[in-house]
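These are the residues of each chain, in order.
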Amino acid sequence: GAWGGVPEKLISPEELLKQRDQGTAANEANMIHRFDLHSRKLVSQTMTAALAEAGVSAAPQVRAAWAKALNAERRRIVDALRPLASSAEAQRRSQSERVDGVEGLDGVEMSASVDSVEMFETQVEREEAQFALLCDYIVTTARETSNQNEK
């Protein structure tokens with residue numbers, strides 16, 4: 001028929017929760033990876049903009065300090081996010097182990113798991129915003145350096 005045959009074996013509630021947890025963990029790892037790639041791109045763009053603003057007036061030591069500050073902060077954020085992702089995964093796993101059969105699918109236990117994911121996502125967004133502020137600060141500093149040297 002149009003609907004096809006009945007599956008040979010239905011997925012158990014435990015297996016469904018396990019698959020969901022694996023998918024969530026993969027999403028969190030992907031968020032860290034995306035932030036890492038995005039922040040590397042921001043470092044490059046920020047340095048390009050800062051050097052364009054400051055021109056030749058920025059001493060090599062100052063340019064090196066900007067790059068060092070950006071890269072140190074980027075590494076700090078990535079290193080800080082990794083344990084948060086692991087912690088959120090451990091919390092989900094603990095909640096999944098307490099689930100009895102289908103009861104975990106009613107939304108009660110899952111809401112706590114969703115909360116840990118949302119908290120992780122919020123932390124990633126907060127860190128991204130802070131990093132963007134640092135990038136803006138460096139470009140502004142470069143602009144001010146150039147303006148002071150022109151006087």
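Residues numbered from 1 in each chain as written. Predicted model: local features only at pLDDT ≥ 70, side-chain atom pairs only at ≥ 80, totals over all residues. Heavy atoms only, no water.

**Looking at the overall build of the protein chain**
So the rule is basically this: The helix count covers DSSP runs of H or I at least four residues long, the strand count covers runs of E at least two residues long, and both are numbered beginning at the N terminus. Burial classes: relative accessible area under 20% of the type maximum marks a residue as buried, over 50% as exposed, and values in between as partly exposed (1.4 Å probe, protein chains only). Between two residues, a contact is recorded if the distance between any of their heavy atoms is within 4.5 Å. All accessibility values rest on the Shrake-Rupley procedure with a 1.4 Å probe; residue burial counts only the protein chains present in the view.
Helices and strands together make up the secondary structure of the protein chain, namely three helices and zero strands. A total of 151 residues make up the protein chain; the buried ones form 28% of that total. Here the contacts in the protein chain between residues at least 6 apart in sequence split such that 84% fall between residues at least 24 apart. Of the roughly 9800 Å² that the protein chain leaves accessible, carbon and sulfur atoms contribute 55%.

**Some remarks on the side chain of D36**
Checked against the element boundaries, D36 lands in helix α1 (residues 13–54). Look past the residues within four positions of D36 in its chain and what remains in contact with it is R74 and V78.

**Notes on the side chain of R74**
Looking at where R74 falls in the secondary structure, it is placed in helix α2 (residues 60–97). Apart from residues lying up to four places away in sequence, R74 is in contact with F35, D36, S39, R40, V43 and F131.

**Focus: the nonpolar core**
For clarity, the cut-off: To form a nonpolar core, buried Ala, Val, Leu, Ile, Met, Phe, Trp, Tyr and Cys residues must be joined to one another through side-chain atoms within 4.5 Å.
Among the nonpolar cores identified, the biggest contains 21 residues, and I32, W66, L70, L81, F120 and F131 are the most heavily contacted of them. Elements that contribute at least two residues to this core include exactly α1, α2 and α3 (108–150).

**What about a negative patch on the surface?**
Using the following cut-off: Patches here: salt-bridge-free residues with over 30% relative accessible area, like charges joined within 9 Å, nonpolar side chains (Val, Leu, Ile, Met, Phe, Trp, Tyr) joined within 5 Å. Any carboxyl oxygen of Asp or Glu that lies within 4 Å of a side-chain nitrogen of Lys or Arg is treated as forming a salt bridge with it. In this tally Asp and Glu are treated as negative and Lys and Arg as positive; neither His nor the chain ends contributes. Taken as the charge centre is NZ of Lys, CZ of Arg, CG of Asp or CD of Glu, depending on the residue.
Where like charges cluster on the molecular surface, the negative patch consists of D115, E118, E121 and E125. Mapped onto the elements of the fold, E125 is located in helix α3.

**Description of the pattern of salt bridges**
According to the stated counting rule, one finds six salt bridges in the structure shown. E53 is the salt-bridge partner of R143, the closest N and O atoms lying 3.3 Å from each other. Taken together, the residues span a long stretch of sequence, with R143 in helix α3 and E53 in helix α1 at a distance of 90 residues. Classification of R143 as partly exposed rests on a relative accessible area of 35%.

**Here's the deal with the packing of aromatic side chains**
Cut-off, in case you're wondering: Ring pairs are drawn from Phe, Tyr and Trp, using the six-membered ring of Trp, whenever the two centres fall within 6.5 Å, and their geometry is named by plane angle: stacked under 30 degrees, edge-to-face over 60, tilted for the rest.
Overall, the coordinates contain one aromatic pair when judged by the stated rule. Ring centres 6.3 Å apart and planes at 75° place the aromatic pair F35 and F131 in the edge-to-face group. Of this pair, F35 sits in helix α1 while F131 is found in helix α3, placing the two residues 96 residues apart along the sequence.

**A word on the confidence of the model for the protein chain**
The criterion, for reference: Think of pLDDT as the predictor's per-residue confidence, scored from 0 to 100.
With 78% of its residues at a pLDDT of 70 or more, the protein chain has an overall mean of 80. Note on residues 99–109: pLDDT under 50 across the span, and 15 contacts to partners over four residues away in sequence or across chains.

**Examining the environment of F131**
According to the relative accessible area criterion, F131 is buried, its value standing at 0%. Note: C-alpha distance between F131 and V43 (88 residues apart in sequence) is 9.5 Å. Ignoring anything within four residues of it in the chain, the contact list for F131 reads S39, L42, V43, L70, E73, R74 and I77.

**Comments concerning the environment of A49**
In this fold, A49 is placed in helix α1. On the basis of relative accessibility, which here comes to 29%, the residue A49 falls in the partly exposed class. Spatially, the C-alpha atoms of A49 and V139 are 6.4 Å apart, while their sequence positions differ by 90 residues.

**Let's talk about α1**
Here is the rule: A helix is expected to reach a length of 1.5 Å times the quantity of its residues less one.
Between its first and last C-alpha, α1 extends 60 Å over 42 residues, near the 62 Å set by a 1.5 Å rise per residue. Count one or two residues on from α1 and you reach G55, which has phi positive near 60°.

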